[in-house]
Every structure is written in C-alpha cells, then in structure tokens.
Amino acid sequence: MSWKPVLESAGLDAWIVRMFASIDERNVSWLSALARRCEEAFGDALVDLVPSYTTLLIVFDPLSVSPSQARAIICQTLVDLEPEETAHEGEVHELPTWYDARVGPELPRVAEGAGMAVSDVIEAHSERAYRVFALGFAPGFAFMGLVDPRLECARLNTPRKRVPAGSVALAGLQTAAYPTETPGGWNLLGRTSARLFDRERDGFSLLRVGDRVRFVPVSREVFEREGGNTAPLEPIT
Amino acid sequence: MTQHDLPEPGIRVLCAGPLALLQDSGRFGVRHLGVTQGGPADLYSWAWANHLTGNLWGSANLEITFGGLKLVAVRDLEIAITGADLGATIEHKPVPLWQRTIWKAGDTLTFAAPVSGLRAYLAVCGGFAAEPVLGSVACVTREELGGFEGNGAKLATGDELSVNRSGSGQQLANAPTEAPKDVLPDFSQPAVLDLLPGAQIASFTGRSLFDAFNTWWQVDDRADRMGVRLRGPTLNCKINTLISEGISLGSVQVPPDGQPIILLNDRQTIGGYPRLGALSPLSASRLAQCLPREPVRLIARGSDAVLKEHRMFRAVFHSEPV
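On a predicted model such as this, the values are computed, not experimentally measured, just so you know.

Draft legend 1. Representation of helix H2 (residues 67-78) of chain A. In this model, H2(A) (twelve residues) spans 17 Å end to end at C-alpha, consistent with the 16 Å of a helix rising 1.5 Å per residue. Here H2(A) has its buried residues at A:Pro67, A:Ala70, A:Ile74 and A:Thr77. Looking straight down H2(A), one finds that the buried residues subtend no more than 80 degrees of arc, so they occupy a single side. Contacts from the buried residues of H2(A) go to strand S1 (6-9), strand S2 (14-18), helix H1 (27-42) and strand S4 (55-60) of chain A together with helix H5 (303-315) of chain B. Within two residues after H2(A), A:Asp80 carries a phi angle of roughly 55 degrees, on the positive side.

Draft legend 2. Representation of the interface of chain A and chain B in the model. Facing the 42 residues of chain A at the interface are 39 residues of chain B. Buried area between chain A and chain B, summed over both chains or domains, comes out near 3,100 Å², and the portion from carbon and sulfur atoms is 63%. Applying the counting criterion to the chain A and chain B interface returns two salt bridges. A:Arg18 is the partner of B:Glu245 in a salt bridge, and the nearest nitrogen-oxygen pair spans 2.7 Å. Taken together, the links from chain A to chain B amount to 13 residue pairs in polar contact (both at pLDDT 80 or more).

Draft legend 3. Inspection of the packing of aromatic side chains at higher detail. Counted under the stated rule, the structure contains 19 aromatic pairs over all chains. Plain terms: the ring middles of A:Phe42 and A:Phe60 are 6.2 Å apart, the flat faces sit at 15 degrees to each other, and that makes the pair stacked. Of this pair, A:Phe42 sits in helix H1 while A:Phe60 is found in strand S4, placing the two residues 18 residues apart along the sequence. Considered together, A:Phe42 and A:Phe60 belong to a single accessibility category, that of buried residues. Note that B:Arg314 overlies the ring of B:Trp57, its terminal NZ or CZ placed 3.5 Å from the centroid.

Conventions adopted
- Residues numbered from 1 in each chain as written.
- Chains lettered and ligands numbered in written order.
- Predicted model: local features only at pLDDT ≥ 70, side-chain atom pairs only at ≥ 80, totals over all residues.
- Heavy atoms only, no water.
- Helix = DSSP H or I, 4+ residues; strand = E, 2+ residues; numbered from the N terminus.
- Expected span 1.5 Å × (residues − 1).
- Buried < 20%, exposed > 50% of the residue type's maximum accessible area, 1.4 Å probe, protein only.
- Arc of directions from axis to C-beta.
- Contact = heavy atoms within 4.5 Å.
- Buried area = accessible area lost by both parts, 1.4 Å probe.
- Salt bridge = Lys/Arg side-chain N within 4 Å of Asp/Glu carboxyl O.
- Polar contact = N/O pair within 3.5 Å; in protein donor to acceptor, adjacent residues only side chain to side chain.
- Phe/Tyr/Trp six-rings, centres within 6.5 Å; stacked < 30°, edge-to-face > 60°.
- Lys NZ or Arg CZ within 6 Å of the ring centre and 35° of its normal.

Honestly, that's just the spatial picture; any functional story needs more than this.
Given below as structure tokens:
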C-alpha cells in the first residue's frame, strides 16, 4: 500500500480513516480488515462502521471512549494491517434482470452514446461481475462497479421523482439496483426481480460492501414468474 | 415482560398535524447497510421528557414538529412535554412544560403552533409501545422503517397509540417531577453552535473560513430531519466534490453553491461534499429547534471542552433501573 492512511475528526463521536486516494477494487479488502480490527479493539464502545470507496467512518460511544482515546485505538489497529484475502472475493450474487426499454427507458440513449446496439449494451453490462464499493443513499442501495467504459454516461439532468424498486441503473462508471421506490437520477436499463432489502431477512440487505454481483438477463416471462414488477415507468416530469 | 408492562391503547389521535413521529434514541449498528440513524432531532429535550416520566434512556417518545396535533387520552396518563413551546393545552388550559403533568381520560391535548422552538417531545409514564425494526422503533419516513406500525408512517388521524401500563413505581418515585431552571433551553435566543473542525476544513479559502465563523447565518426554508440549509456568504472550497464517504451527525457540508448544509438524524449515510467539520451532538439538538429565517452562528471548539459538556448532560439520565 503506497498511500499513507490519514485520520480526520468527524465530530465528538467519530473518526474517518482515509485509506486511499482513488477508487480501486482492491481497497475493499483493506477496509474490511480495518473494520474487523476496529470491532475487536473497540468492543462495546463501537456504535457504527461505515465503509465506503476509500474510507472507513468509525463511530464510537463518547461516554466510554474520548476522541483522543479513540484516535489512539485506531492508530493501533492500523499497525501492520494486512488485507483480508478471504473477504476479497466476497459472495457472488446473481440478479435476474429484465433489460427492456419499458422498464429501462435509458437503454436506447446509452446504446446511442456508446455507438452500440442495445443487445451489445445488455451483453456488456451483464458480462461483468461487479464489486460492491459502498452502501448508501437508501437502505440496501449498493454502489457497484466498474462498468465497461464504453457504457459511461452522465446522470439525468432532471432526476425522476419516482424510480420503481428493482430498477437497474447506470451513472458514470457505476451501476446499481434500487431496493425501494425513491427519487433518482441514474439511467435506467431494466429491472431485477431480486429483493434487495428485506427487513424480515437475516442481515436485511442482500448486498454488502465487498460482495460480487452479476446481472443475469432474463425474459419478461421469467422476470414475472420471479415476482418482478412489469409496470412501465412514468415519463419524467 | 411483567403484567404491568402490557401495552394498551392510551391515546387516540384526533388530528395528526404535519409531522409527529415516534422516536427512541435511534437505529444503530446498521449504517453500513445504508440505514440512517434516525432518533430525536433534539436529543436534549427528548432525554428530559423521558427522565421526567421515569422512563429509561432509550425509551420512545413522540417528536411533534410545528404543532397542529390533537390527541385524546383513553385513560388517565402522566406525561411530560419538553422541547419547543408549541402552545400545548389540555382542555384549553396551558400545559406546564418541562414538568410532569396529569392528563385525564377523555381530555384533549392540543399542540397549536410554535411560540418558541420547532419540536416538542411528549413522553408518557410507562412509555409508548411499538415493535422495533432493525433494533429500533425510531421512525424514519423516507426509509419506511420504525414508528408504531414499523413502516415509517408518521402519526395519522384516527391512530390509537399503545402505552405500557406504568408498573415501575420505584422508577417514577426516583424521577424528578420538574426540570431544574438551569437546564431549560431558551429557544428565543439566537443559536450559537459548537463546531468541531475536521474533514476538509484546510481546503477552504481563508476568506471563507473567516466568513464561516463570523457570520450570523440564516436558517433556510429547506430544513428537515435530513438536514438544515443555511444562507449567507458563499463559502469556497478548493475541492468541489469528493468520493462519497460516511458522514456523521451534525456534519457541516458545503456543496458547490457555497451554502452550508448541516446534516441531522435522517441524513443519507454517505455523501460527497467537502465539510468544515461536525457540530457537537448538543448543538445539533439546538439547531433542530430553529425555525426558517432564524439566525445561527458557528463557533469552533476543541473536543475536550465539548466532551466534558456532553458527559455532564448524559450523567443526569439513567440507562438502567435505579
């Protein structure tokens, strides 16, 4: 690791460890290793850990640990840190996805921008196993990448007020699937029947930071049989 | 659970008003799943409402924003109202705030509109009863989590709210019936907020740092439980956007338009704007009582002094039966 970690104050009860300068799939094994060490080192004083692309936010209980004590604990966990090789591969999830302009209205636009046929866009998007970099925006919303650079596209100028749950989307070099209906400005390519966030499920979120994800193209029939919602999208208003 | 703790309908909602939410201390240990913390926007007033009704730290009570709420007691209840003065009355008689009060069965409790402050807290002896979702009953409408139904729904007209039979006489006997005068906040005074510098503060221009701490900022109309936007001089940062990272309560972020947004309990878990630092938890509580167009000021504080104040505040409250 050529980059030197930097600790920054994030308030009375949190530090952020800046581990890397740029997004890289290999970051996650270092961040996972640091998270595991923090869990052990803080014990009951740990409140939350929020890993993201290049950082780990560590939230602790300021009644039992002062900010300076927490800083010392974190510095200790960084000594001789080794990447977590087992976590590196993570779990591989396959998300059945119906790619279709009726539920993925930006499919033609992305194809046009890439100078590719729609079928080639689907192939390019579905052949990679993506890495989950971060969860955020909404419960279970996983930021994944990196997509084939030919598919790179800017966000919509006007975000949609309602993006249906399951929508498979693209922005920049990242891809995601919306766990619940929310507003959103990403380009929609299709819809998955997978349930991404389920409060009845052990662990709640299907996807975790570090997991691998593949979108598997399925027909409308299979998508519907798996419980997918085929309702077409409202136009952007 | 003893027989005393069995929940029973205690309150019926006659008129729900704009926003009333059940809040415990918040949802923790799930932020890595993209789930926000929720919990009371004004932790300070929320904690006192529980304390005055003999409820332990973490018990759920009602956060009432702005007013417009009308409730009727189904049975005799003992309650405490803290936080904002929203002109609360029982059968048209003003309810004393920051102290325990009897609310007789059949009587109507009304929260009218802000006199000072924005959010009131209503706690009942025995505590409100609801099933936790992801470890908490904290109600987050955007995430459809928590509250009385578990689905993030705010109070609706016609709802019946479950209240535990107050069994712990011991607990209540040890609780104060009135908050000492010196702990009462004065929301009519301009808010001066403690900011712990951090994050990207070094990347702001000198002029912007001067402005940040020498301006009476104005609270914008765009203020809710996710965050509060401030209006004032444009702050410039050498960094426009960051790779998204975890953001803590009270973070003061500055988007490219140069107008700060202070993030509160229902914020998204990660974000990508540069930050000056984060407010202390008690200052985040104070900000949550500010109405649009009220003035606020930021002052830079070191963590030692802020920690001492925070621990003094928490030392008052019980997390275990006494």
